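Below, each chain spelled out in residue letters.
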Amino acid sequence: MMTISQIIHAITSGEKTAEQITRESLSIIAQTNPEINAFVEVFEQDALAQAQAVDAKKARGEKLGALAGVPVAIKDNILYKGHKATCCSKMLANYVASYTSTVVEKLLAADAVIIGRTNMDEFAMGSSNQTSAYGPVKNPVDTERVPGGSSGGSAAAVAAGMVPLALGTDTGGSVRQPASFCGVVGVKPGYGRISRYGVVSFASSADQVGVLAANVEDASIGLEVISGKDVHDSTSLEAPVPAYTKQFTPDLKGLKIGLPKGFLDGLYEDIKERLLAAAKELKKLGAEMVDVDVPLAKYSAPVYYIVTSAEASSNLGRYDGIRYGYSAQNAPDLHAYYEDSRALFGLEVKKRIIIGTYALTSKRYEECFVKAMKVRELIKQDFKKVFEQVDVLLTPTSPTTAFRLGKEGKNPLSLYLADLYTCPGNIGGLAGISIPYGNDKKGLPVGVQFYGPILQEEKILNAAHCLEKTL
Amino acid sequence: MDITKKDVELAGKLANMRISAEETALYENQLKALFNWVQELSAVNTDGVKLSQSDLAAFVRPDVPVQNAVLAQELRDDFAAQENDCAKVKKVL
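Small disclaimer: the values here were computed from a predicted structure and weren't measured.

Because an α-helix packs 3.6 residues into every turn, residues spaced three or four apart end up facing the same way. Residue and element names in this part refer to chain A. Its 16 residues give helix α3 (residues 44-59) an end-to-end C-alpha distance of 22 Å, which sits within 8% of 22 Å, the value for a rise of 1.5 Å per residue. Those residues of α3 that sit buried are Ala47, Leu48, Gln50, Ala51, Val54, Asp55 and Lys57. For α3, the elements touching its buried residues are α2 (18-36), α4 (102-109) and β3 (113-118). One or two residues past the end of α3 sits Gly61, with phi positive at roughly 80°.

Here it is as C-alpha coordinates:
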(Lines give C-alpha, C1' and ligand atoms only; values in the text may rest on other atoms or scores of the structure.)
Protein backbone atom coordinates (compact mmCIF):
# COMPACT_ATOMS: atom_id res chain seq x y z
CA MET A 1 0.00 0.00 0.00
CA MET A 2 1.21 3.49 -0.77
CA THR A 3 2.07 5.90 2.05
CA ILE A 4 -0.28 8.76 2.88
CA SER A 5 1.99 11.27 1.16
CA GLN A 6 2.13 9.10 -1.96
CA ILE A 7 -1.68 8.76 -1.99
CA ILE A 8 -2.19 12.51 -1.59
CA HIS A 9 0.32 13.17 -4.36
CA ALA A 10 -1.27 10.56 -6.67
CA ILE A 11 -4.73 12.03 -6.19
CA THR A 12 -3.79 15.70 -6.42
CA SER A 13 -1.61 15.12 -9.50
CA GLY A 14 -4.38 13.16 -11.20
CA GLU A 15 -2.23 10.03 -11.41
CA LYS A 16 -4.96 8.08 -9.55
CA THR A 17 -8.45 8.73 -8.29
CA ALA A 18 -9.59 8.24 -4.72
CA GLU A 19 -11.90 5.52 -6.01
CA GLN A 20 -8.95 3.64 -7.53
CA ILE A 21 -7.02 3.88 -4.26
CA THR A 22 -10.06 2.63 -2.33
CA ARG A 23 -10.58 -0.26 -4.73
CA GLU A 24 -6.89 -1.21 -4.34
CA SER A 25 -7.32 -1.24 -0.55
CA LEU A 26 -10.53 -3.30 -0.83
CA SER A 27 -8.78 -5.74 -3.18
CA ILE A 28 -5.86 -6.29 -0.77
CA ILE A 29 -8.35 -6.80 2.08
CA ALA A 30 -10.32 -9.33 0.00
CA GLN A 31 -7.13 -11.26 -0.72
CA THR A 32 -5.50 -11.23 2.70
CA ASN A 33 -8.22 -10.78 5.31
CA PRO A 34 -9.61 -14.36 5.11
CA GLU A 35 -6.33 -15.56 6.60
CA ILE A 36 -5.32 -12.58 8.80
CA ASN A 37 -8.82 -11.76 10.19
CA ALA A 38 -7.86 -8.13 10.80
CA PHE A 39 -11.22 -6.73 9.67
CA VAL A 40 -14.49 -7.86 11.18
CA GLU A 41 -16.47 -5.77 8.69
CA VAL A 42 -15.59 -3.88 5.52
CA PHE A 43 -17.77 -0.87 4.65
CA GLU A 44 -17.33 -1.39 0.91
CA GLN A 45 -20.28 0.62 -0.42
CA ASP A 46 -19.86 3.52 2.01
CA ALA A 47 -16.11 3.61 1.37
CA LEU A 48 -16.58 3.75 -2.40
CA ALA A 49 -19.20 6.49 -2.03
CA GLN A 50 -16.81 8.53 0.15
CA ALA A 51 -14.00 8.05 -2.37
CA GLN A 52 -16.28 9.15 -5.23
CA ALA A 53 -17.23 12.23 -3.20
CA VAL A 54 -13.52 13.09 -2.84
CA ASP A 55 -13.06 12.72 -6.59
CA ALA A 56 -16.09 14.94 -7.22
CA LYS A 57 -14.73 17.54 -4.82
CA LYS A 58 -11.43 17.55 -6.69
CA ALA A 59 -13.25 17.83 -10.02
CA ARG A 60 -15.06 20.93 -8.70
CA GLY A 61 -11.69 22.45 -7.85
CA GLU A 62 -12.35 22.50 -4.11
CA LYS A 63 -9.56 22.23 -1.56
CA LEU A 64 -9.03 18.65 -0.41
CA GLY A 65 -8.53 17.62 3.21
CA ALA A 66 -5.30 16.34 4.75
CA LEU A 67 -6.36 12.70 4.31
CA ALA A 68 -8.16 13.03 0.99
CA GLY A 69 -8.85 9.57 -0.39
CA VAL A 70 -6.75 7.81 2.28
CA PRO A 71 -8.30 4.50 3.38
CA VAL A 72 -8.48 4.35 7.18
CA ALA A 73 -9.52 1.45 9.40
CA ILE A 74 -11.18 2.00 12.78
CA LYS A 75 -11.07 -0.29 15.79
CA ASP A 76 -14.37 -1.94 16.64
CA ASN A 77 -14.84 0.15 19.80
CA ILE A 78 -15.04 3.48 17.93
CA LEU A 79 -18.53 4.66 16.95
CA TYR A 80 -19.50 5.49 13.37
CA LYS A 81 -23.18 6.27 13.02
CA GLY A 82 -25.23 3.58 11.29
CA HIS A 83 -22.44 1.02 11.55
CA LYS A 84 -21.98 -1.76 14.05
CA ALA A 85 -19.55 -1.25 16.93
CA THR A 86 -19.34 -4.49 18.89
CA CYS A 87 -16.06 -4.29 20.84
CA CYS A 88 -15.68 -7.80 19.41
CA SER A 89 -18.02 -9.03 22.13
CA LYS A 90 -21.15 -11.17 21.91
CA MET A 91 -22.61 -8.68 24.39
CA LEU A 92 -22.76 -5.99 21.67
CA ALA A 93 -23.17 -8.31 18.67
CA ASN A 94 -26.05 -6.29 17.23
CA TYR A 95 -25.21 -2.80 18.49
CA VAL A 96 -25.38 -0.14 15.79
CA ALA A 97 -23.87 3.27 16.61
CA SER A 98 -26.48 6.02 16.94
CA TYR A 99 -23.89 8.78 16.58
CA THR A 100 -20.38 9.26 15.24
CA SER A 101 -17.31 9.63 17.44
CA THR A 102 -15.35 12.86 17.24
CA VAL A 103 -12.28 11.07 15.87
CA VAL A 104 -14.27 9.63 12.96
CA GLU A 105 -15.94 13.02 12.37
CA LYS A 106 -12.45 14.52 12.11
CA LEU A 107 -11.29 11.82 9.69
CA LEU A 108 -14.34 12.41 7.51
CA ALA A 109 -13.83 16.18 7.65
CA ALA A 110 -10.28 15.54 6.37
CA ASP A 111 -11.77 13.58 3.42
CA ALA A 112 -10.53 10.18 4.63
CA VAL A 113 -12.28 7.02 3.47
CA ILE A 114 -13.46 4.83 6.36
CA ILE A 115 -12.82 1.36 5.04
CA GLY A 116 -14.04 -0.86 7.87
CA ARG A 117 -13.84 -1.88 11.50
CA THR A 118 -11.00 -3.96 12.86
CA ASN A 119 -10.76 -6.94 15.18
CA MET A 120 -9.68 -6.46 18.79
CA ASP A 121 -9.55 -8.19 22.15
CA GLU A 122 -13.03 -8.18 23.68
CA PHE A 123 -13.70 -4.72 25.17
CA ALA A 124 -9.97 -3.98 24.60
CA MET A 125 -8.99 -6.38 27.39
CA GLY A 126 -6.01 -8.42 26.27
CA SER A 127 -2.55 -8.27 24.76
CA SER A 128 -2.77 -10.90 22.04
CA ASN A 129 -6.13 -10.43 20.25
CA GLN A 130 -7.16 -13.91 21.34
CA THR A 131 -10.19 -12.83 23.39
CA SER A 132 -12.20 -11.54 20.40
CA ALA A 133 -15.63 -13.05 19.76
CA TYR A 134 -14.69 -12.96 16.06
CA GLY A 135 -11.68 -15.24 16.57
CA PRO A 136 -8.01 -14.35 16.78
CA VAL A 137 -6.08 -12.13 14.40
CA LYS A 138 -2.95 -13.63 12.84
CA ASN A 139 0.26 -11.65 12.65
CA PRO A 140 1.03 -10.91 8.96
CA VAL A 141 4.76 -11.29 9.72
CA ASP A 142 4.22 -14.90 10.84
CA THR A 143 0.67 -16.20 10.74
CA GLU A 144 1.33 -18.74 13.49
CA ARG A 145 1.89 -15.86 15.89
CA VAL A 146 -0.32 -13.30 17.60
CA PRO A 147 -0.39 -9.68 16.40
CA GLY A 148 -0.47 -8.34 19.97
CA GLY A 149 -3.46 -6.55 21.42
CA SER A 150 -5.82 -5.20 22.02
CA SER A 151 -5.66 -3.24 18.73
CA GLY A 152 -4.33 -6.34 16.96
CA GLY A 153 -6.64 -5.99 13.97
CA SER A 154 -5.57 -2.39 13.34
CA ALA A 155 -1.86 -3.28 13.58
CA ALA A 156 -2.26 -6.32 11.32
CA ALA A 157 -4.28 -4.30 8.76
CA VAL A 158 -1.41 -1.82 8.43
CA ALA A 159 1.30 -4.50 8.49
CA ALA A 160 -0.45 -6.48 5.74
CA GLY A 161 -0.70 -3.35 3.57
CA MET A 162 -4.50 -3.30 3.66
CA VAL A 163 -4.58 0.35 4.79
CA PRO A 164 -1.93 3.01 5.40
CA LEU A 165 -3.57 4.23 8.60
CA ALA A 166 -5.69 2.69 11.34
CA LEU A 167 -7.11 3.91 14.62
CA GLY A 168 -6.70 1.94 17.81
CA THR A 169 -7.18 2.60 21.49
CA ASP A 170 -4.53 2.29 24.17
CA THR A 171 -5.34 1.76 27.85
CA GLY A 172 -2.18 -0.11 28.83
CA GLY A 173 -0.26 -0.45 25.59
CA SER A 174 -2.95 -1.61 23.18
CA VAL A 175 -1.65 0.49 20.28
CA ARG A 176 2.10 0.33 20.94
CA GLN A 177 2.49 -3.38 21.80
CA PRO A 178 0.68 -4.68 18.67
CA ALA A 179 2.61 -2.11 16.61
CA SER A 180 5.80 -3.63 18.02
CA PHE A 181 4.68 -7.23 17.32
CA CYS A 182 3.61 -6.44 13.73
CA GLY A 183 6.53 -4.17 12.78
CA VAL A 184 4.57 -0.94 12.37
CA VAL A 185 4.45 2.44 14.10
CA GLY A 186 1.97 3.01 16.94
CA VAL A 187 1.35 6.30 18.75
CA LYS A 188 -0.54 6.82 22.00
CA PRO A 189 -0.74 10.56 22.64
CA GLY A 190 -0.74 12.05 26.12
CA TYR A 191 -3.95 11.91 28.13
CA GLY A 192 -6.39 14.52 26.85
CA ARG A 193 -4.80 15.13 23.44
CA ILE A 194 -7.58 13.34 21.56
CA SER A 195 -11.32 13.32 22.23
CA ARG A 196 -12.80 10.03 23.40
CA TYR A 197 -16.38 11.08 22.61
CA GLY A 198 -17.93 8.07 20.93
CA VAL A 199 -15.22 5.65 22.03
CA VAL A 200 -16.44 2.77 24.19
CA SER A 201 -15.02 3.19 27.69
CA PHE A 202 -12.83 0.59 29.33
CA ALA A 203 -10.87 2.55 31.96
CA SER A 204 -11.63 6.24 31.69
CA SER A 205 -8.52 7.52 33.47
CA ALA A 206 -6.23 5.66 31.05
CA ASP A 207 -8.07 5.18 27.72
CA GLN A 208 -6.68 7.10 24.74
CA VAL A 209 -7.22 6.85 21.01
CA GLY A 210 -4.04 6.24 19.04
CA VAL A 211 -2.88 5.74 15.46
CA LEU A 212 -1.07 2.93 13.66
CA ALA A 213 0.79 3.46 10.40
CA ALA A 214 3.65 2.06 8.36
CA ASN A 215 5.97 4.95 9.16
CA VAL A 216 6.34 7.91 11.53
CA GLU A 217 5.36 10.52 8.95
CA ASP A 218 2.03 8.82 8.24
CA ALA A 219 1.36 8.35 11.94
CA SER A 220 2.10 12.05 12.53
CA ILE A 221 -0.29 13.13 9.77
CA GLY A 222 -3.04 10.93 11.19
CA LEU A 223 -2.42 12.11 14.74
CA GLU A 224 -2.59 15.77 13.73
CA VAL A 225 -5.97 15.26 12.04
CA ILE A 226 -7.66 13.63 15.05
CA SER A 227 -6.09 15.68 17.88
CA GLY A 228 -7.54 18.68 19.68
CA LYS A 229 -10.05 19.93 22.21
CA ASP A 230 -13.63 18.67 21.89
CA VAL A 231 -16.57 20.17 23.75
CA HIS A 232 -18.09 16.68 23.96
CA ASP A 233 -15.16 15.34 26.04
CA SER A 234 -14.31 17.34 29.16
CA THR A 235 -11.04 15.45 29.55
CA SER A 236 -9.75 16.69 26.18
CA LEU A 237 -7.24 19.50 26.59
CA GLU A 238 -7.42 23.03 25.23
CA ALA A 239 -4.07 23.35 23.46
CA PRO A 240 -3.03 24.09 19.90
CA VAL A 241 -2.17 21.06 17.77
CA PRO A 242 1.22 21.52 16.09
CA ALA A 243 1.79 20.59 12.47
CA TYR A 244 3.80 17.57 13.53
CA THR A 245 5.58 16.81 10.27
CA LYS A 246 6.73 20.44 10.05
CA GLN A 247 8.51 19.97 13.41
CA PHE A 248 10.77 17.25 11.98
CA THR A 249 14.46 18.11 12.09
CA PRO A 250 17.39 16.48 10.24
CA ASP A 251 19.19 15.61 13.48
CA LEU A 252 18.66 15.58 17.23
CA LYS A 253 21.25 18.10 18.37
CA GLY A 254 20.25 19.57 21.72
CA LEU A 255 17.80 16.78 22.59
CA LYS A 256 18.32 14.99 25.91
CA ILE A 257 17.17 11.38 25.91
CA GLY A 258 16.87 9.43 29.14
CA LEU A 259 17.54 5.70 29.40
CA PRO A 260 15.69 4.63 32.56
CA LYS A 261 17.58 2.33 34.90
CA GLY A 262 15.81 -0.94 35.57
CA PHE A 263 14.01 -1.04 32.22
CA LEU A 264 16.82 -3.18 30.81
CA ASP A 265 17.06 -5.62 33.73
CA GLY A 266 16.15 -9.14 32.71
CA LEU A 267 15.20 -7.98 29.22
CA TYR A 268 15.20 -10.57 26.41
CA GLU A 269 18.71 -10.28 24.95
CA ASP A 270 17.68 -9.62 21.33
CA ILE A 271 15.43 -6.74 22.39
CA LYS A 272 18.13 -5.30 24.62
CA GLU A 273 20.57 -5.47 21.71
CA ARG A 274 18.17 -3.55 19.43
CA LEU A 275 17.46 -0.95 22.14
CA LEU A 276 21.17 -0.31 22.70
CA ALA A 277 21.69 -0.10 18.92
CA ALA A 278 18.95 2.55 18.82
CA ALA A 279 20.63 4.47 21.66
CA LYS A 280 23.92 4.41 19.74
CA GLU A 281 22.29 5.80 16.59
CA LEU A 282 20.47 8.50 18.56
CA LYS A 283 23.83 9.61 19.95
CA LYS A 284 25.22 9.77 16.42
CA LEU A 285 22.24 11.96 15.51
CA GLY A 286 23.39 14.47 18.10
CA ALA A 287 21.20 13.54 21.06
CA GLU A 288 22.67 13.49 24.53
CA MET A 289 21.97 10.11 26.16
CA VAL A 290 21.47 10.33 29.92
CA ASP A 291 21.00 7.54 32.46
CA VAL A 292 17.94 8.37 34.54
CA ASP A 293 15.96 6.74 37.29
CA VAL A 294 12.18 6.38 37.47
CA PRO A 295 12.24 4.28 40.63
CA LEU A 296 8.53 3.64 41.02
CA ALA A 297 7.78 2.92 37.36
CA LYS A 298 8.27 -0.79 38.10
CA TYR A 299 5.02 -0.68 40.08
CA SER A 300 3.03 0.59 37.11
CA ALA A 301 1.77 -2.84 36.06
CA PRO A 302 0.14 -3.87 39.37
CA VAL A 303 -1.24 -0.33 39.76
CA TYR A 304 -2.59 -0.55 36.23
CA TYR A 305 -4.42 -3.84 36.82
CA ILE A 306 -6.10 -2.62 39.98
CA VAL A 307 -7.08 0.86 38.76
CA THR A 308 -8.20 -0.11 35.26
CA SER A 309 -10.11 -3.17 36.48
CA ALA A 310 -11.90 -1.02 39.06
CA GLU A 311 -12.83 1.48 36.36
CA ALA A 312 -13.88 -1.34 34.03
CA SER A 313 -16.15 -2.84 36.68
CA SER A 314 -17.93 0.52 36.81
CA ASN A 315 -17.91 1.31 33.07
CA LEU A 316 -19.11 -2.15 32.07
CA GLY A 317 -21.98 -2.00 34.55
CA ARG A 318 -24.02 -0.39 31.77
CA TYR A 319 -24.14 -3.69 29.86
CA ASP A 320 -27.08 -5.03 31.78
CA GLY A 321 -29.55 -5.74 28.97
CA ILE A 322 -31.55 -2.62 29.80
CA ARG A 323 -29.20 0.27 29.13
CA TYR A 324 -26.94 -1.55 26.68
CA GLY A 325 -26.12 -5.04 25.52
CA TYR A 326 -27.78 -8.38 25.07
CA SER A 327 -31.24 -8.59 26.60
CA ALA A 328 -32.04 -11.97 28.15
CA GLN A 329 -35.43 -13.59 27.59
CA ASN A 330 -37.74 -15.27 30.10
CA ALA A 331 -35.85 -14.39 33.26
CA PRO A 332 -37.95 -15.08 36.37
CA ASP A 333 -36.80 -11.96 38.26
CA LEU A 334 -34.68 -8.85 37.87
CA HIS A 335 -31.51 -10.35 39.35
CA ALA A 336 -31.76 -13.36 37.05
CA TYR A 337 -32.40 -10.98 34.14
CA TYR A 338 -29.14 -9.13 34.84
CA GLU A 339 -27.18 -12.35 35.29
CA ASP A 340 -28.57 -13.92 32.12
CA SER A 341 -27.89 -10.80 30.09
CA ARG A 342 -24.35 -10.38 31.42
CA ALA A 343 -23.55 -14.06 30.77
CA LEU A 344 -22.45 -13.06 27.27
CA PHE A 345 -19.23 -11.48 28.49
CA GLY A 346 -16.15 -13.58 27.70
CA LEU A 347 -13.84 -15.07 30.34
CA GLU A 348 -11.24 -12.28 30.35
CA VAL A 349 -13.83 -9.51 30.60
CA LYS A 350 -15.59 -11.28 33.46
CA LYS A 351 -12.27 -11.72 35.19
CA ARG A 352 -11.40 -8.01 34.97
CA ILE A 353 -14.85 -7.12 36.31
CA ILE A 354 -14.34 -9.58 39.18
CA ILE A 355 -10.89 -8.12 39.93
CA GLY A 356 -12.22 -4.57 39.89
CA THR A 357 -15.32 -5.33 41.91
CA TYR A 358 -13.24 -7.20 44.50
CA ALA A 359 -10.68 -4.36 44.74
CA LEU A 360 -13.55 -1.95 45.44
CA THR A 361 -15.18 -4.05 48.18
CA SER A 362 -15.01 -2.52 51.66
CA LYS A 363 -12.66 -5.36 52.64
CA ARG A 364 -10.04 -4.42 50.00
CA TYR A 365 -10.80 -0.79 49.08
CA GLU A 366 -8.08 0.87 51.21
CA GLU A 367 -5.55 -1.92 50.86
CA CYS A 368 -5.89 -2.32 47.09
CA PHE A 369 -7.67 0.50 45.32
CA VAL A 370 -6.64 3.49 47.44
CA LYS A 371 -3.10 2.14 47.77
CA ALA A 372 -2.84 1.72 43.98
CA MET A 373 -4.18 5.24 43.43
CA LYS A 374 -1.61 6.68 45.83
CA VAL A 375 1.25 4.80 44.19
CA ARG A 376 -0.05 6.10 40.86
CA GLU A 377 0.32 9.66 42.14
CA LEU A 378 3.92 8.94 43.13
CA ILE A 379 4.67 7.40 39.73
CA LYS A 380 3.30 10.54 38.05
CA GLN A 381 5.58 12.66 40.26
CA ASP A 382 8.55 10.44 39.29
CA PHE A 383 7.88 11.07 35.62
CA LYS A 384 7.44 14.79 36.22
CA LYS A 385 10.85 14.90 37.87
CA VAL A 386 12.56 12.91 35.14
CA PHE A 387 11.16 15.19 32.44
CA GLU A 388 12.83 18.09 34.24
CA GLN A 389 16.13 16.36 33.42
CA VAL A 390 15.50 15.04 29.90
CA ASP A 391 13.19 15.74 26.94
CA VAL A 392 12.17 12.19 26.13
CA LEU A 393 12.79 8.65 27.38
CA LEU A 394 13.90 5.63 25.34
CA THR A 395 12.58 2.24 26.50
CA PRO A 396 11.67 -1.17 25.10
CA THR A 397 8.05 -1.44 23.91
CA SER A 398 7.47 -5.04 24.95
CA PRO A 399 9.48 -7.58 26.94
CA THR A 400 9.05 -10.11 24.10
CA THR A 401 8.48 -10.29 20.38
CA ALA A 402 5.28 -11.87 18.99
CA PHE A 403 4.56 -15.23 20.58
CA ARG A 404 2.74 -18.20 19.10
CA LEU A 405 -1.06 -18.29 19.08
CA GLY A 406 -2.29 -20.10 22.18
CA LYS A 407 1.18 -20.19 23.74
CA GLU A 408 1.08 -17.33 26.18
CA GLY A 409 2.26 -19.56 29.05
CA LYS A 410 0.54 -21.01 32.07
CA ASN A 411 1.49 -18.25 34.48
CA PRO A 412 -1.68 -16.16 34.90
CA LEU A 413 0.49 -13.05 35.10
CA SER A 414 2.38 -13.73 31.85
CA LEU A 415 -0.04 -11.83 29.60
CA TYR A 416 -0.28 -9.00 32.12
CA LEU A 417 3.49 -8.63 32.05
CA ALA A 418 3.24 -7.98 28.31
CA ASP A 419 2.27 -4.43 29.30
CA LEU A 420 5.29 -3.93 31.54
CA TYR A 421 6.87 -1.13 29.48
CA THR A 422 3.73 0.35 27.98
CA CYS A 423 1.38 0.74 30.94
CA PRO A 424 3.65 3.30 32.70
CA GLY A 425 2.62 5.65 29.89
CA ASN A 426 -1.05 5.23 30.70
CA ILE A 427 -0.52 5.42 34.45
CA GLY A 428 1.47 8.65 33.96
CA GLY A 429 -0.72 10.03 31.14
CA LEU A 430 2.40 10.29 28.93
CA ALA A 431 2.75 10.44 25.17
CA GLY A 432 4.35 7.29 23.72
CA ILE A 433 5.38 5.93 20.36
CA SER A 434 6.64 2.51 19.32
CA ILE A 435 8.64 2.18 16.14
CA PRO A 436 10.05 -0.99 14.59
CA TYR A 437 13.82 -1.17 15.00
CA GLY A 438 15.07 -4.36 13.41
CA ASN A 439 14.31 -7.98 14.19
CA ASP A 440 15.18 -10.60 16.76
CA LYS A 441 17.10 -13.76 15.81
CA LYS A 442 13.84 -15.42 14.70
CA GLY A 443 13.23 -12.58 12.26
CA LEU A 444 10.38 -11.09 14.29
CA PRO A 445 10.00 -7.30 14.59
CA VAL A 446 11.37 -5.54 17.67
CA GLY A 447 9.84 -2.23 18.72
CA VAL A 448 11.52 0.53 20.66
CA GLN A 449 9.55 3.19 22.44
CA PHE A 450 9.89 6.89 23.17
CA TYR A 451 8.01 8.57 25.99
CA GLY A 452 7.40 12.29 26.27
CA PRO A 453 5.47 14.60 28.57
CA ILE A 454 1.82 15.37 28.03
CA LEU A 455 1.13 17.73 25.08
CA GLN A 456 4.66 17.30 23.75
CA GLU A 457 4.00 14.64 21.16
CA GLU A 458 6.13 16.54 18.63
CA LYS A 459 9.29 15.63 20.59
CA ILE A 460 8.73 11.88 20.47
CA LEU A 461 7.55 12.00 16.86
CA ASN A 462 10.68 13.88 15.81
CA ALA A 463 13.02 11.55 17.73
CA ALA A 464 11.25 8.53 16.21
CA HIS A 465 11.35 10.06 12.72
CA CYS A 466 15.11 10.62 12.96
CA LEU A 467 15.75 7.14 14.36
CA GLU A 468 13.57 5.52 11.68
CA LYS A 469 15.87 6.92 9.01
CA THR A 470 18.90 5.10 10.47
CA LEU A 471 17.55 1.66 9.61
CA MET B 1 -3.37 -11.83 50.20
CA ASP B 2 -5.78 -14.62 50.92
CA ILE B 3 -8.38 -14.99 48.18
CA THR B 4 -11.05 -17.63 48.60
CA LYS B 5 -13.82 -19.11 46.53
CA LYS B 6 -16.24 -17.02 48.59
CA ASP B 7 -14.48 -13.80 47.58
CA VAL B 8 -14.91 -14.67 43.89
CA GLU B 9 -18.56 -15.56 44.45
CA LEU B 10 -19.16 -12.30 46.34
CA ALA B 11 -17.55 -10.22 43.57
CA GLY B 12 -19.63 -12.06 40.97
CA LYS B 13 -22.79 -11.35 42.92
CA LEU B 14 -21.93 -7.67 43.36
CA ALA B 15 -21.25 -7.40 39.63
CA ASN B 16 -24.53 -9.11 38.72
CA MET B 17 -22.68 -11.91 36.98
CA ARG B 18 -23.35 -15.62 37.26
CA ILE B 19 -20.00 -17.37 37.71
CA SER B 20 -19.93 -21.13 37.10
CA ALA B 21 -18.08 -23.52 39.41
CA GLU B 22 -15.35 -23.96 36.77
CA GLU B 23 -14.99 -20.21 36.35
CA THR B 24 -14.88 -19.71 40.11
CA ALA B 25 -12.01 -22.20 40.43
CA LEU B 26 -10.16 -20.59 37.52
CA TYR B 27 -10.63 -17.04 38.79
CA GLU B 28 -9.73 -18.00 42.35
CA ASN B 29 -6.29 -19.16 41.20
CA GLN B 30 -5.77 -16.23 38.90
CA LEU B 31 -6.88 -13.68 41.48
CA LYS B 32 -4.57 -15.24 44.07
CA ALA B 33 -1.61 -14.74 41.72
CA LEU B 34 -2.69 -11.22 40.79
CA PHE B 35 -3.39 -9.95 44.29
CA ASN B 36 -0.16 -11.48 45.63
CA TRP B 37 1.64 -9.49 42.94
CA VAL B 38 -0.34 -6.38 43.89
CA GLN B 39 0.95 -6.77 47.44
CA GLU B 40 4.32 -5.57 46.14
CA LEU B 41 2.75 -2.11 46.36
CA SER B 42 2.88 -2.32 50.15
CA ALA B 43 6.65 -1.74 49.84
CA VAL B 44 5.96 1.80 48.59
CA ASN B 45 5.70 4.46 51.27
CA THR B 46 2.54 6.40 50.45
CA ASP B 47 2.35 8.30 53.75
CA GLY B 48 1.28 11.85 53.09
CA VAL B 49 -0.05 11.17 49.59
CA LYS B 50 -3.42 12.88 49.38
CA LEU B 51 -6.10 11.85 46.93
CA SER B 52 -8.91 14.20 46.07
CA GLN B 53 -12.50 13.05 45.89
CA SER B 54 -12.32 13.61 42.15
CA ASP B 55 -9.37 11.20 41.95
CA LEU B 56 -11.38 8.56 43.73
CA ALA B 57 -14.47 9.25 41.66
CA ALA B 58 -12.57 9.39 38.38
CA PHE B 59 -13.42 5.79 37.60
CA VAL B 60 -17.09 6.63 37.39
CA ARG B 61 -18.17 8.48 34.30
CA PRO B 62 -21.50 10.13 35.15
CA ASP B 63 -24.51 9.61 32.94
CA VAL B 64 -25.29 13.18 31.88
CA PRO B 65 -28.74 13.93 30.48
CA VAL B 66 -28.59 14.94 26.83
CA GLN B 67 -29.21 18.69 26.49
CA ASN B 68 -28.94 18.85 22.73
CA ALA B 69 -32.51 18.63 21.40
CA VAL B 70 -31.46 17.50 17.91
CA LEU B 71 -29.26 14.75 19.27
CA ALA B 72 -31.95 13.71 21.75
CA GLN B 73 -34.44 13.38 18.90
CA GLU B 74 -31.90 11.42 16.82
CA LEU B 75 -31.45 9.02 19.73
CA ARG B 76 -35.23 8.67 20.19
CA ASP B 77 -35.62 8.05 16.46
CA ASP B 78 -33.61 4.86 16.88
CA PHE B 79 -36.47 3.40 18.88
CA ALA B 80 -39.59 1.95 17.28
CA ALA B 81 -41.91 3.60 19.80
CA GLN B 82 -41.85 7.01 21.50
CA GLU B 83 -44.05 8.67 24.08
CA ASN B 84 -43.84 12.09 25.79
CA ASP B 85 -40.33 12.81 24.45
CA CYS B 86 -39.14 9.46 25.74
CA ALA B 87 -38.13 6.29 23.96
CA LYS B 88 -40.61 3.54 24.75
CA VAL B 89 -39.29 0.03 25.23
CA LYS B 90 -40.85 -3.32 26.03
CA LYS B 91 -41.32 -4.31 29.63
CA VAL B 92 -38.43 -6.48 30.69
CA LEU B 93 -40.36 -8.18 33.47
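Our focus in this paragraph is the packing of aromatic side chains. Residues and elements named next belong to chain A. All told, the structure shown has 15 aromatic pairs over all chains when counted by the stated rule. Centroid distance Phe123 to Phe345: 5.8 Å. Interplanar angle 70°. Geometry classified as edge-to-face. Of the two residues, Phe123 sits in the loop between β3 and α5 (152-159) while Phe345 sits in the loop between α10 (334-342) and α11 (347-359), which places them 222 residues apart along the sequence. Each member of the pair, Phe123 together with Phe345, is buried. Both rings, one in Tyr319 and one in Phe345, keep their centres 6.3 Å apart while their planes meet at 85°; by these two values the pair is edge-to-face. Of this pair, Tyr319 sits in the loop between α9 (300-315) and α10 while Phe345 sits in the loop between α10 and α11; the two residues are 26 residues apart in sequence, bridging distant segments of the chain. The same class applies to Tyr319 as to Phe345, namely buried.

A separate point is the confidence of the model for chain B. Residues and elements named next belong to chain B. Residues at a pLDDT of 70 or more form 83% of chain B, whose mean pLDDT is 85. Looking at the elements of chain B, mean pLDDT is at its lowest for helix α3 (residues 53-57), recorded as 65, and at its highest for helix α1 (residues 5-14), recorded as 96. The ipTM for the predicted assembly is 0.90, set against a pTM of 0.93.

Thresholds applied
- Residues numbered from 1 in each chain as written.
- Chains lettered and ligands numbered in written order.
- Predicted model: local features only at pLDDT ≥ 70, side-chain atom pairs only at ≥ 80, totals over all residues.
- Heavy atoms only, no water.
- Helix = DSSP H or I, 4+ residues; strand = E, 2+ residues; numbered from the N terminus.
- Expected span 1.5 Å × (residues − 1).
- Buried < 20%, exposed > 50% of the residue type's maximum accessible area, 1.4 Å probe, protein only.
- Contact = heavy atoms within 4.5 Å.
- Phe/Tyr/Trp six-rings, centres within 6.5 Å; stacked < 30°, edge-to-face > 60°.
- pLDDT = per-residue confidence, 0-100.

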